[in-house]
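# Tertiary structure, described
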Amino acid sequence: MSTGTASGKTLAFNLPVVDALAREPKRRALYLYPTKALAQDQTRALAAYGVPKLRPAIYDGDTPSERRWQIRKWANVILTNPDMLHVGVLPHHDRWGDVLQNLSYVVVDEAHVYRGVFGSHVANVLRRLRRLARVYGAEPQFLLASATIANPGELARSLLGVDATVIGDDGAPRAERTIALWNPPFVDEELGVRASALGEASRLLADLASRGQRTICFAKSRKAVELVHRFASERVGAELAGRLAPYRAGYTPEQRREVERRLVEGELLGVTATDALELGIDIGLLDCAISVGFPGTVASLRQQWGRAGRRGHGLAVLVASEDALDQYFMREPEMLLGRRVEAAILDHANPRVLDGHVLAAAFEAPLDDADRATLGDAALERAAILPGLKKTPAGWAYGGRDYPAANVGLRSATAEAFTVVDATDGSVLGIVERERAYSTVHEGAVYLHLGDSYLVTALDHAARTALVEPFRGPWYTQAKRETTTAIVEPLRVERRCGLELSFGSVSVTEQVVAFQRKSISGGETIETVPLDLPATTFETEAVWYLPEPEQLEGLTEMPRLLGTLHAAEHSMIALLPLWAMCDRWDIGGLSTNVHFQTGRPTVFIYDGHAGGVGIAEHGFEVFEGWVADTARLLGGCPCHDGCPSCVQSPKCGNLNEMLDKAGALVFLRRLAAA
């Protein structure tokens with residue numbers, strides 16, 4: 001089911017499941033949610049039905065160990081998340097035999113979240129679940145619920161390996177909604193610097209709450225959530241400040257439950273939240289929803305806006321940041337409001353994702369040809385060459401002593417990852433793929449984790465750990481990288497937009513050679529510090545093109561040619577998230593006046609994850625629309641020489657040197673015209 005917010009998707013999967021369990025309480029159902037808060041919310045909803053034979057229970061990392069065996073024994077609706085299914089259920093399936101044998105339904109809610117690397121891993125986890133259910137003699141029905149996306153049927157097939165019936169007709173009644181696009185005023189028109197989006201959002205939140213309008217404000221990071229809440233609380237009196245609350249990951253389960261309860265019961269007038277609350281938590285009757293910065297996809301924005309005005313006229317506000325996409329929408333509102341939602345893309349067969357799951361599946365039960373039906377052909381092909389497996393009469397069996405699922409993180413494409421550890425208390429903040437570690441957690445880097453700043457004090461290559469400590473300084477850091485891209489194999493080559501456009505596999509070698517400390521207030525460079533770090537090489541997928549001489553006419557003098565191609569590459573990367581459900585940080589690029597293989601000016605845009613997850617391929621398919629949108633973005637930006645709202649990138653390996661906005665605009669307009 002792929003329909004809008006508040007259209008009744010939860011009822012549509014709950015009613016048949018609850019009906020079946022009320023008739024036959026021995027049946028089991030498994031509900032999968034991307035976040036713990038959603039599972040809590042759904043448990044409350046199921047309990048509220050008051051069906052005597054319905055026994056829902058949550059099984060996740062917060063579940064006390066003494067309760068776990070009880071849940072396996074008596075619960076007939078088990079609510080969990082993909083991570084717990086992957087490491088806590090499937091490898092220990094002997095304890096779950098009764099659940100798997102009687103498994104009738106698997107509900108995958110918020111399915112649009114499973115895209116990119118995370119989605120590719122979850123697809124393999126779901127296929128392993130289908131396989132083990134078969135081993136125990138069950139063939140459960142899968143029910144997927146998603147916000148509106150462009151390709152729900154394709155997503156279901158990618159996740160499960162089977163065809164799905166798509167229900168996309170949305171007949172739910174809708175209250176009218178007023179949409180406001182709010183662009184913070186300039187504080188320096190010449191440099192294109194605008195007032196803080198967080199400050200503007202807090203002003204709106206305080207004003208709406210003081211008028212009695214129940215408001216939710218979405219911000220992208222923990223730090224932003226805390227800041228908006230603090231600024232808003234300072235603007236209102238003490239009594240009203242008590243009716244405002246922040247909500248984010250990192251709080252204890254009890255703290256989160258308390259905020260959810262106060263919100264549902266109407267005690268709170270204003271909540272500032274990360275996107276943990278964007279998903280389908282039923283948070284009562286809200287009047288207004290504010291999004292601070294474009295959340296990355298139109299689907300996500302509609303989810304956030306859908307929280308307001310469910311019963312009466314609602315207000316939805318997008319407060320723009322200085323990011324290129326945000327500013328593009330401020331100038332071209334119809335490009336946001338009239339746009340189809342994006343396609344969710346994943347690639348379960350990417351060997352860097354698949355291999356760990358093949359080992360995990362072999363640990364769960366030896367692999368043979370019959371498993372092609374659930375795990376797919378690629379899994380059996382990899383099984384024959386993976387060193388951890390040995391051929392036995394029963395099939396490919398796992399020979400190790402550990403259990404392999406524990407070595408596979410669902411949110412990273414590579415096992416070679418660095419662990420980021422807070423040196424003050426020893427807590428693990430996160431993991432960074434090796435390809436990204438040298439540019440984000442090198443010694444001296446300011447590392448951002450969920451909006452909080454940390455200074456990297458040591459990077460241990462042998463132990464693969466980065467030690468960090470909380471940081472409050474007035475600067476941030478940006479790494480300077482030298483990148484080379486080698487074409488491994490073109491897979492598709494076509495004449496498009498008047499030039500030769502290719503899609504295929506490439507090898508990207510990056511070496512971080514220095515970093516700059518930059519002032520937070522003005523962005524000026526404080527100092528450049530050289531670094532001596534090893535080069536990293538990874539294979540991925542890319543789209544690349546070779547401009548024709550007539551398309552570069554008048555732009556071929558150096559350094560103008562380099563600046564033109566570099567600015568075109570940056571702005572195309574900034575706009576690709578509009579066409580593929582991805583983040584700017586998932587994409588990399590390289591532009592050169594003479595590439596050593598093509599012998600001509602060449603621009604590459606590649607998946608930033610080893611092996612690729614389909615982002616570049618989608619870019620190849622929608623190239624004409626992508627180019628036209630990028631030309632429109634550049635043409636509409638009021639700056640003269642390029643600014644953070646068009647051609648400057650926060651992740652540029654060349655520190656945004658050599659960018660020619662005017663040249664890129666001429667060049668992209670010629671492509672669009674062709």
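Residues numbered from 1 in each chain as written. Predicted model: local features only at pLDDT ≥ 70, side-chain atom pairs only at ≥ 80, totals over all residues. Heavy atoms only, no water.

This paragraph deals with helix α12 (residues 298–305). In terms of residue burial, α12 counts as a mostly covered element, since 7 of its 8 residues are buried. Taken together, the buried positions of α12 are occupied by Val298, Ala299, Ser300, Leu301, Gln303, Gln304 and Trp305. Structurally, the start of α12 carries an N-cap: the backbone nitrogen of Ser300 is 3.0 Å from a side-chain oxygen of Thr297. (Buried < 20%, exposed > 50% of the residue type's maximum accessible area, 1.4 Å probe, protein only. Helix = DSSP H or I, 4+ residues; strand = E, 2+ residues; numbered from the N terminus. Polar contact = N/O pair within 3.5 Å; in protein donor to acceptor, adjacent residues only side chain to side chain.)

Attention now moves to the pattern of salt bridges. In the structure shown here, the tally under the stated rule is 24 salt bridges. The partner of Glu200 in a salt bridge is Arg203, and the shortest N-O contact between them spans 3.1 Å. Of this pair, Glu200 and Arg203 both sit in helix α8 (residues 197–210), 3 residues apart, which is roughly one turn of the helix. Residues joined in a network through salt bridges with shared partners are Asp369, Arg372 and Asp377. (Salt bridge = Lys/Arg side-chain N within 4 Å of Asp/Glu carboxyl O.)

Take the sheet that holds strand β13 (residues 314–319) next. One open sheet holds the 6 strands; their spatial order is β6-β13-β12-β9-β11-β10, and the pairing between them is parallel. Edge strands, defined here as strands with exactly one partner in the open sheet, are β6 (177–182) and β10 (244–247). This sheet shows a mean twist of 15° between the axes of neighbouring strands, independent of strand direction. As paired strands, strand β9 (residues 215–218) and strand β12 (residues 288–292) are joined by 4 bridges and run parallel to one another. Note that in β12 the partner of Phe218 across the bridge is Ser291. In the packing of α8 onto the sheet, the strands contacted are β6, β9, β10, β11 (270–273), β12 and β13, and the crossing angle to β12 comes to about 170°. (Pairing = 2+ DSSP bridges. Axes fitted to C-alpha atoms, helices over the stretch in contact; angles between N-to-C directions. Contact = heavy atoms within 4.5 Å.)

A few words on the packing of aromatic side chains. All chains considered together, the criterion is met by 15 aromatic pairs. Aromatic pair Phe363 and Tyr398: ring centres 6.2 Å apart, planes at 75°, arrangement edge-to-face. Of this pair, Phe363 sits in helix α15 (residues 351–364) while Tyr398 sits in strand β15 (residues 395–398); the two residues are 35 residues apart in sequence, bridging distant segments of the chain. Looking at Phe363, the relative accessible area reads 34%, which means it is partly exposed. One aromatic cluster is present, formed by Tyr545, Phe623, Trp626 and Phe667 through successive ring pairs. Against the face of Tyr59 rests Arg68, its NZ or CZ located 5.5 Å from the ring centre. Over the ring of Phe620 we find Arg496; its NZ or CZ atom is 5.1 Å from the centre of that ring. (Phe/Tyr/Trp six-rings, centres within 6.5 Å; stacked < 30°, edge-to-face > 60°. Lys NZ or Arg CZ within 6 Å of the ring centre and 35° of its normal.)

Bringing the sheet that holds strand β2 (residues 56–58) into the picture now. Overall, parallel pairing links the 5 strands, which are arranged β2-β3-β1-β4-β5 in an open sheet. Each end of this open sheet is capped by a strand with a single partner; those strands are β2 and β5 (141–144). When strand polarity is set aside, the average angle formed by the axes of neighbouring strands in this sheet is 20°. As paired elements, strand β1 (residues 28–32) and strand β4 (residues 103–108) share 5 bridges and run parallel to each other. Looking across to β4, one finds that Ala29 is bridged to Tyr105.

Structurally, Ser507 can be placed in strand β22 (residues 499–519). Apart from the residues lying within four places of it in its own chain, the contact partners of Ser507 are Thr484, Thr485, Ala486, Val488, Thr537, Phe538 and Glu539.

Take Thr465: it is sitting in strand β20 (residues 465–470). Taking C-alpha positions, Thr465 is 5.0 Å from Phe418, a pair spaced 47 residues apart along the chain.

Tracing the backbone through its elements, the reader meets Val259 in helix α11 (residues 253–264). When the C-alpha positions of Val259 and Val271 are compared, they lie 8.6 Å apart, and in sequence the two are 12 residues distant. Every residue in contact with Val259, bar those within four places of it in the chain, is listed here: Pro246, Tyr247 and Leu268.

Right, let's talk about the pairing of strand β25 (residues 587–592) for a bit. In terms of burial, β25 is largely enclosed, as 5 of its 6 residues are buried. Here 6 bridges tie β25 to strand β26 (residues 602–607), and the two strands are oriented antiparallel to one another. Opposite Ser591, over in β26, you have Val603 as the bridge partner.

The next point concerns unusual backbone geometry. With an omega of 5°, the peptide bond between Met558 and Pro559 qualifies as cis. With respect to the secondary-structure elements, Pro559 resides in the loop between β24 (536–546) and α19 (560–575). A positive phi angle, near 55°, is found at Glu110, a position not held by glycine. For Glu110, a relative accessible area of 5% translates into the label buried. Positive phi is not limited to glycine here, since Cys497 has a value of about 50°. Note on placement: Cys497 falls in the loop between β21 (475–496) and β22.

Our next topic: the packing of helix α21 (residues 623–636) against helix α22 (residues 661–673). Between α21 and α22, the shortest axis-to-axis distance is 9 Å and the interhelical angle comes to 145°. Note on packing geometry: the crossing formed by α21 with α22 is left-handed. From α21, Val627, Ala628, Thr630, Ala631, Leu634 and Gly635 reach across to α22, where they touch Lys661, Ala664, Leu665, Leu668, Arg669, Leu671 and Ala672. For the contact of α21 with α22, the class distribution of residues is 9 nonpolar, 2 polar and 2 charged. (Left-handed = near helix turned anticlockwise from the far one by under 90°. Nonpolar A, V, L, I, M, F, W, Y, C, P; charged D, E, K, R; others polar.)

In this section: the side chain of Thr43. Following the sequence through the fold, Thr43 ends up in helix α2 (residues 36–48). On the basis of relative accessible area, Thr43 is assigned to the buried category, the value being 17%. A polar contact of 2.6 Å, which involves the side chain of Thr43, links it to the backbone oxygen of Ala39. Once you skip the residues sitting within four places of it in the chain, Thr43 turns out to touch Pro56, Ile58 and Leu79.

Pairing of strand β16 (residues 417–422) with strand β17 (residues 428–433), which is carried by 5 bridges, proceeds in the antiparallel orientation. The partner of Phe418 across the bridge, within β17, is Val432. Here β16 folds back onto β17, and the loop between the two strands holds 5 residues, one of which, Gly426, carries a positive phi near 80°.

Below, the discussion takes up the nonpolar core. Within the largest apolar cluster, 100 residues are counted, with the highest numbers of intra-cluster contacts made by Val108, Leu129, Leu159, Tyr545, Phe623, Trp626 and Leu668. In this structure, Leu129 is in contact with Leu30, Leu85, Leu90, Leu100, Leu103, Val106 and Phe142, ignoring residues within four places of it in sequence. In terms of nonpolar packing, the next biggest core, distinct from the first, is built from 22 residues, Ala209, Ala232, Leu240 and Leu244 among them. (Core = buried A, V, L, I, M, F, W, Y, C linked by side-chain atoms within 4.5 Å.)

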